[in-house]
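# Structural overview
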Amino acid sequence: MSNKMWGGRFATGPDAIMEEINASIGFDYRLAAQDIRGSKAHVAMLAETGIVTPENATAIDKGLDQVLREIESGSFTFSRALEDIHMNVESRLAEIVGPDAGRLHTARSRNDQVALDFRLWIRDTIDQLDVQIRDLQKALVDKALVHAGDVMPGFTHLQSAQPVTFGHHLMAYVEMLARDRGRFADSRRRLNECPLGAAALAGTSFPINRERTSAALGFDRPTANSLDSVSDRDFVLETLSAAAICATHLSRFAEEIVLWATPQFGFVRLSDGFTTGSSIMPQKRNPDAAELVRGKSGRVIGALTGLLIVMKGLPLAYSKDMQEDKEGAFDALHTLSLCLAAMAGMVRDFQPDLKRMKAAAGAGFATATDLADWLVRELGLPFRQAHHVTGSLVKMASDRKVGLEKLSLADMRIVEPRITDAVFGVLGVEKSVKSRKSLGGTAPANVRAQARRWLTRLEKEHRSITGSR
């Protein structure tokens, strides 16, 4: 038999394979709350404009409330034969309200309905992710404030470069995550237009009030073009782009944690809560949580790539290809949420080995730049000449297998006779980081001030959100 929700044109039902490939209820059930929210706003508008009677609108609104309660309680039975969440809700509504339930679909199509539902879901999810990213920032800032003065090696090319502080290193990720939050906020701002009322693709002849439904659903305005309204998935692409960049940041940090937790580095010890053992090697403490965050970034990036490929060849307006917009987005944003939670947990739990970090900070002639800067500042050498002198001294120290601070003044004067014993004041790693007072530099005073500014900002945001609930 044909589908009772749309089958008037068809004499028989779909082939079993067609039903299998066509049904989306297996994943778009996640849109249930948003679908019902949109329907309640739509029917209220239909009543206000006289398109349906107040009695019909009241019955439909109460029926939608019952459907939502059933879904939230787990007693609702989803039907694959009804294809998607929209038809499942409408079918159950008809059982509750009777034939008048069919008036709900006046002046709308599944095309603008799904565009609305997905915008609402993406908007809700961005808000949830923002809370999680802020929580990870808070964990990083708290740890950075404690370790603002603790020295570790800074790397370029994964080679020791200059000493930095552990707090400074952690604050770098706070800044990255701030940009991630900004990208999500930008995406949310652009998606916050309501497509409801575009109908299938051309708008509707009914005297609807799109401004009314837009405002009722918390949008800034209705979308301006009906064709674009139903065919646009930029809001998903942009959100996935922000998610992919955020996941990349988490992956970079996870990679550092994996390295830091090795015996070869030994910079941090992860808690039992975020490590696993080996089935054969009893000594192992595997940083599986960090490795999984690193690996799962591929799923998030893949979802963005997949949807770009789906959308790249579609003519206006809606095509069924666009049903492929949801599974990848659902998975990617859930994955990102899980990774954010795991990273926040690891940051709060891991313990740095400060002695190991400090010892490593002095290895690899990490204060060579401090020596070159001293030559410029105290002896007036051009930097390139100071660079050459310092390079010669590094070679001397390397040949003798000692650090720069172990060279004698006489040794140094072989290369540059004007060097004085004051040079030894800049060759310690702690003196090095304290000297980096330029804006954004690693000086402990800088790190503490920046961490406190971030704490104030994050706490203010938290109060603003909790106060508005």
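Keep in mind that what you see is a predicted model, and the values were worked out from it rather than measured. (Residues numbered from 1 in each chain as written. Predicted model: local features only at pLDDT ≥ 70, side-chain atom pairs only at ≥ 80, totals over all residues. Heavy atoms only, no water.)

## So, the pairing of strand S1 (residues 151–156)
Residues in a regular strand project their side chains so that they alternate between the two faces of the sheet. To keep it simple, the criterion reads: Any two strands between which DSSP finds at least two bridges are classified as paired. In this text, helices come from DSSP runs of H or I with a minimum length of four residues, and strands from runs of E with a minimum of two, each type numbered from the N-terminal end.
The pairing of S1 with strand S2 (residues 159–165) spans 6 bridges and is antiparallel. Directly across from Pro 153, in S2, lies its bridge partner Pro 163.

## Quick look at the layout of surface pockets
Threshold: Whether a set of points on the 1 Å grid over the protein atoms alone is a cavity depends on a 1.4 Å probe fitting there but being unable to get out, while an open set qualifies as a pocket with protein on both sides within 12 Å along at least five of seven lines; lining residues are those with an atom within 4 Å of a point. Grid points are joined across faces, edges and corners, and a volume is the space filled by probe spheres set on the points. We call Asp, Glu, Lys and Arg charged. Ala, Val, Leu, Ile, Met, Phe, Trp, Tyr, Cys and Pro are nonpolar, and the rest, Gly among them, are polar.
Its volume calculated, the largest pocket comes out at about 410 Å³. Within the residue set of the lining of the largest pocket, elements represented by two or more residues are helix H10 (234–260) and strand S5 (268–269). Its residues assigned to classes, the lining of the largest pocket comprises 7 nonpolar, 6 polar and 6 charged. Of the pockets and cavities examined, the second largest pocket occupies roughly 240 Å³. In terms of lining, the second largest pocket is formed by His 168, Met 171, Ala 172, Glu 175, Leu 439, Gly 440, Gly 441, Asn 446, Val 447, Gln 450 and Arg 453. Looking at the lining of the second largest pocket, the elements with two or more residues in it are helix H7 (166–191) and helix H18 (444–467). Here the lining of the second largest pocket is composed, by residue class, of 4 nonpolar, 5 polar and 2 charged.

## Details of the environment of Gly 277
Counted only if it meets this: In this scheme, a residue with accessible area under 20% of its type's maximum is buried, one over 50% is exposed, and one in between is partly exposed, where area comes from a 1.4 Å probe on protein chains only. The criterion used for residue contact is that any of the two residues' heavy atoms lie within 4.5 Å.
Looking at where Gly 277 falls in the secondary structure, it is placed in the loop between S5 and helix H11 (288–311). Among the residues examined, Gly 277 registers a relative accessible area of 53% and is labelled exposed. Excluding residues within four positions of it along the chain, Gly 277 makes contact with Lys 284 and Asn 286.

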